[in-house]
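# Reading the structure
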Amino acid sequence: MELSPKAIRFIIEALDYRINAYEERLKLENLNEDEISDITNDSMFLEALREEMAKTLVKSA
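Summary of the structure given here. None of the values given here were measured: they were computed from a predicted structure.

Attention shifts here to the pattern of salt bridges. Scanning the model with the defined rule gives four salt bridges in all. Among the ionic pairs, Asp-16 bridges to Arg-50, the shortest N-O distance being 2.4 Å. With Asp-16 in helix α1 (residues 5-28) and Arg-50 in helix α2 (residues 33-60), this pair connects stretches of sequence that are 34 residues apart. Under the relative-accessibility criterion, Arg-50 is labelled partly exposed at 26%. The closest approach of N and O atoms between Glu-24 and Lys-27, which form a salt bridge, is 3.6 Å. Remark: Lys-27 and Glu-24 occur in helix α1; sequence separation between them is three residues, near one turn of the helix.

What follows concerns α2. End to end, α2 covers 41 Å across 28 residues, agreeing with the expected 40 Å (1.5 Å per residue, within 8%). Every buried residue of α2 is accounted for by Ile-39, Ser-43, Leu-46, Met-53 and Leu-57. Packing partners of the buried residues in α2 comprise α1.

This brings us to the nonpolar core. Ile-8, Ile-12, Leu-15, Ile-19, Tyr-22, Leu-31, Ile-39, Leu-46, Met-53 and Leu-57 form the largest nonpolar core, which has ten residues in total. At the level of secondary structure, the elements contributing two or more residues to this core comprise α1 and α2. Examining the composition of this core, we find that five residues originate from one element, α1, more than from any other. Non-local contacts of Ile-39, meaning those with residues more than four positions away in its chain, are made with Tyr-22, Arg-25, Leu-26 and Leu-31.

Of note, Glu-47 is situated in helix α2. Take Glu-47: its relative accessible area is 30%, and that puts it in the partly exposed class. Each C-alpha atom, one on Glu-47 and one on Ile-12, is 9.7 Å from the other, the two residues being 35 residues apart in sequence. Setting aside residues no more than four positions away along its own chain, Glu-47 makes contact with Ile-19 and Glu-23.

Basis of the calculations
- Residues numbered from 1 in each chain as written.
- Predicted model: local features only at pLDDT ≥ 70, side-chain atom pairs only at ≥ 80, totals over all residues.
- Heavy atoms only, no water.
- Salt bridge = Lys/Arg side-chain N within 4 Å of Asp/Glu carboxyl O.
- Helix = DSSP H or I, 4+ residues; strand = E, 2+ residues; numbered from the N terminus.
- Buried < 20%, exposed > 50% of the residue type's maximum accessible area, 1.4 Å probe, protein only.
- Expected span 1.5 Å × (residues − 1).
- Contact = heavy atoms within 4.5 Å.
- Core = buried A, V, L, I, M, F, W, Y, C linked by side-chain atoms within 4.5 Å.

This is the structure we're talking about:
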């Protein structure tokens, strides 16, 4: 799928928002080990996606 630079920037912004929300949830909520693990794994996956999107954005510039 070909995405425009604007679309990629929008996706990166959305990923940043979700990653920050996960970080805040880890700080503020009293979570059990399974919840912490799930959130941490999801956050790491989103970080990897964000990095790939950022690389794509640089290449398209």
